[in-house]
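# A structural walkthrough
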Amino acid sequence: MVRLNNVCKSFGHLQVLNNISLHVKEGEKVTIIGPSGSGKSTLIRCINALEEPDRGQVFLNGEQLTHRNKTMIVRTYCAMVFQQFNLYPHMNVLQNITIAPIKLQKKSRAEAEDIAFHYLDVVGLRDKARAYPSTLSGGQQQRIAIARALATRTKILLFDEPTSALDPEMVQEVLDVIIKLSSESITMVVVTHEMGFARQAADRVIFLDNGVIAEEAPPDKFFDNPKTERAKVFLSKILR
């Protein structure tokens with residue numbers, strides 16, 4: 001569902017991604033971890049065409065993203081949950097969730113609202129359908145953002161550190177929703193600092209360091225027996 005071939009990305013003189021090649025199969029759950037500044041968010045933003053690689057190719061469902069077609073392809077196959085919730089403050093929850101199905105996918109309001117209520121049930125917030133974002137906790141807003149992404153019913157769901165903006169007591173409620181989604185057939189790529197989540201929910205862990213994939217493995221092998229010295233040092237610091 002997702003394929004990157006030798007993707008490079010620099011900002012000025014800083015090379016953030018260096019010849020990244022990555023394949024994510026349909027239905028696979030991949031977590032991307034690594035130290036701050038290693039290129040994790042830039043990588044996922046290249047998948048979603050929010051950043052354009054300097055070199056290399058990105059494919060979604062076998063279709064290569066180009067400058068001309070990237071918006072159409074990303075909208076067709078991909079939805080994203082950001083670090084910040086990015087909900088429209090002047091719209092209530094139901095309006096936030098239905099705007100993409102109505103405006104982009106041309107669904108009727110009734111159909112879009114049926115879809116929205118289904119995913120509000122998934123994230124456990126049906127009772128907040130008429131509430132405005134400012135009245136919700138951070139954890140609730142992020143769960144609404146997840147429902148909004150799910151309501152597009154795309155094949156690929158991307159998460160860019162979905163708990164990084166949350167207070168510690170709100171992190172688990174969001175992780176619980178994502179863990180529940182991990183049992184579904186949707187393809188998921190998750191940038192995260194939550195090692196327990198990466199171990200529990202991922203089919204494969206990608207360890208990114210200095211803009212390259214330093215190691216990748218199933219979570220049990222990666223966390224119990226990392227192969228590279230850099231991964232060992234990273235885990236020793238983050239898991240202590």
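Shown above is the structure to which this text applies.
Structure report, in brief.

Cut-offs used in this document
- Residues numbered from 1 in each chain as written.
- Predicted model: local features only at pLDDT ≥ 70, side-chain atom pairs only at ≥ 80, totals over all residues.
- Heavy atoms only, no water.
- Helix = DSSP H or I, 4+ residues; strand = E, 2+ residues; numbered from the N terminus.
- Rg over C-alpha atoms; globule rule 2.2 N^0.38 Å.
- Buried < 20%, exposed > 50% of the residue type's maximum accessible area, 1.4 Å probe, protein only.
- Contact = heavy atoms within 4.5 Å.
- Areas by Shrake-Rupley, 256 points an atom, 1.4 Å probe, with all protein chains shown as cover.
- Core = buried A, V, L, I, M, F, W, Y, C linked by side-chain atoms within 4.5 Å.
- Expected span 1.5 Å × (residues − 1).
- Salt bridge = Lys/Arg side-chain N within 4 Å of Asp/Glu carboxyl O.

### Quick look at the overall build of the chain
Scanning the chain from N- to C-terminus turns up nine helices and 10 strands. Against the 2.2 N^0.38 benchmark of 18 Å for 240 residues, the chain shows a C-alpha radius of gyration of 18 Å, consistent with a compact globule. Here the C-alpha coordinates of the chain stretch approximately 55 × 45 × 35 Å along the principal axes. The 240 residues of the chain split such that 54% are buried. Long-range pairs, those at least 24 residues apart, make up 65% of the contacts in the chain between residues at least 6 apart in sequence. With an accessible surface of roughly 11400 Å², the chain has 47% of that area assigned to carbon and sulfur atoms.

### Some details on the nonpolar core
Across soluble globular proteins, nonpolar side chains show a tendency to be buried alongside one another. Within the largest apolar cluster, 41 residues are counted, with the highest numbers of intra-cluster contacts made by Ile146, Leu157, Phe159 and Leu181. Looking at this core, the elements with two or more residues in it are strand 6 (78-81), helix 3 (93-103), helix 4 (109-122), helix 5 (138-151), strand 7 (156-160), helix 6 (168-181), strand 8 (187-191) and helix 7 (195-201). For Phe159, the residues in contact, after removing those within four places along its chain, are Ile44, Val81, Ile146, Ile178, Leu181, Met188, Val189, Val190 and Val191. Leu17, Ile32, Ile44 and Ile73 belong to the second largest nonpolar core, which has 29 residues in total.

### Considering helix 4
If you check helix 4, its first and last C-alpha atoms are 20 Å apart, about what 14 residues at 1.5 Å a residue would give, namely 20 Å. Looking one or two places after helix 4, you find Gly124, whose phi comes out positive at around 75 degrees.

### Some remarks on the pattern of salt bridges
One pass over the full model with this rule turns up 11 salt bridges. Here Glu111 and Lys107 are joined by a salt bridge, their closest N and O atoms 3.8 Å apart. Take Glu111: its relative accessible area is 37%, and that puts it in the partly exposed class. The exposure class of Lys107 is partly exposed, given its relative accessible area of 24%. Across the pair Arg143 and Glu173 runs a salt bridge, and its minimum N-O distance is 2.9 Å. Of this pair, Arg143 sits in helix 5 while Glu173 is found in helix 6, placing the two residues 30 residues apart along the sequence.

### Here we look at unusual backbone geometry
Within the chain, Asn86 stands out as a residue other than glycine whose phi angle is a positive 55 degrees. As for its position among the elements, Asn86 is in the loop between strand 6 and helix 3. For Asn86, a relative accessible area of 43% translates into the label partly exposed. Although it is not a glycine, Arg153 adopts a positive phi angle of roughly 55 degrees.

Function cannot be read off these values alone, since they describe shape.
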